[in-house]
Amino acid sequence: MLLAPWRSPLARALHRNRSRPYSRYPQLATVRPNGRPANRTVVFRGFRPETNCLIFVTDIRSAKIRHLRENPTAELCWYFPQTREQFRFGGTVQVITQSATDQVSCQVYQQAWEALSAKAKQQFAWPHPGKARAIDAFKEVPLDSQKPLDMFAVLVLDADTVDHLELKGNPQNRHQYRRHTEGTWEVLSINP
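A brief look at the structure comes next.

The rules behind these values
Residues numbered from 1 in each chain as written. Predicted model: local features only at pLDDT ≥ 70, side-chain atom pairs only at ≥ 80, totals over all residues. Heavy atoms only, no water. Helix = DSSP H or I, 4+ residues; strand = E, 2+ residues; numbered from the N terminus. Rg over C-alpha atoms; globule rule 2.2 N^0.38 Å. Buried < 20%, exposed > 50% of the residue type's maximum accessible area, 1.4 Å probe, protein only. Contact = heavy atoms within 4.5 Å. Areas by Shrake-Rupley, 256 points an atom, 1.4 Å probe, with all protein chains shown as cover. Lys, Arg positive; Asp, Glu negative; His and termini not counted. Charge placed at Lys NZ, Arg CZ, Asp CG, Glu CD. Salt bridge = Lys/Arg side-chain N within 4 Å of Asp/Glu carboxyl O.

Here we take up the overall build of the protein. Of the regular secondary structure elements, the protein holds 4 helices and 9 strands. Taken from the N to the C terminus, the helices and strands of the protein come in the order α-β-β-β-β-α-β-β-α-α-β-β-β. For the protein, whose C-alpha radius of gyration is 18 Å, the value lies close to the compact-globule estimate of 16 Å for 192 residues. Buried residues in the protein amount to 37% of all 192 residues. Taking the intrachain contacts of the protein between residues at least 6 apart in sequence as the baseline, contacts between residues at least 24 apart amount to 60%. Entry remark: accessible area of the protein is about 11200 Å², with carbon and sulfur atoms responsible for 49%. Considering the protein, the positive charge centre built from 27 side chains and the negative charge centre built from 17 side chains are found 7 Å apart.

Moving on, we get to the pattern of salt bridges. A full pass over the atoms with the stated rule returns 5 salt bridges. The partner of Glu75 in a salt bridge is Arg88, and the shortest N-O contact between them spans 3.3 Å. You can see Glu75 sitting in strand 5 (residues 73–80) and its partner Arg88 sitting in strand 6 (residues 85–96), a full 13 residues away along the chain. Assessed through its relative accessible area of 34%, Glu75 is described here as partly exposed. Relative accessible area serves as the criterion here: at 30%, Arg88 is assigned to the partly exposed category. The closest approach of N and O atoms between Arg179 and Asp158, which form a salt bridge, is 2.7 Å. With a gap of 21 residues between them, Arg179 in strand 8 (residues 173–179) and Asp158 in strand 7 (residues 152–166) connect regions that are remote in the sequence.

Take a look at the structure:
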């Protein structure tokens, strides 16, 4: 697998911002059925093996799942405060659930579950997100650390455009990356 040219700048930003845990929290925007955008913070969980696809996890009952099933396009905005950099990833999102059948998706799904802390796994046993608050429904339940709960899902963002803006310097630097249909990437240096 050939690494996309934006992977090195992203790896540098992640490394240089590693002392700030919130630097792993980008914002994911999806499209609601009425055409309005919906934006929320997600946690970056790594890359799908042998690809340039970014991984996140979510509750299958969340609104973002409905949005992505109707329209799988999304944009991720990621700001790194230490290095004053912004990355915007545009592309499509694959939703992987327990019903996945291909071996790679099943592996990604299982590994994402196993990588979660016990506390994070408990959240998938909570009541339906976005509904009226349930009383006494947030108690810890016994979990099998190897078996994902039914509500667990993995999001895989396959970016075909990346916009990288470095806010340091005068003038600032900005690069756009565009993936061609055959898989190669074009890099453009553009005005900030």
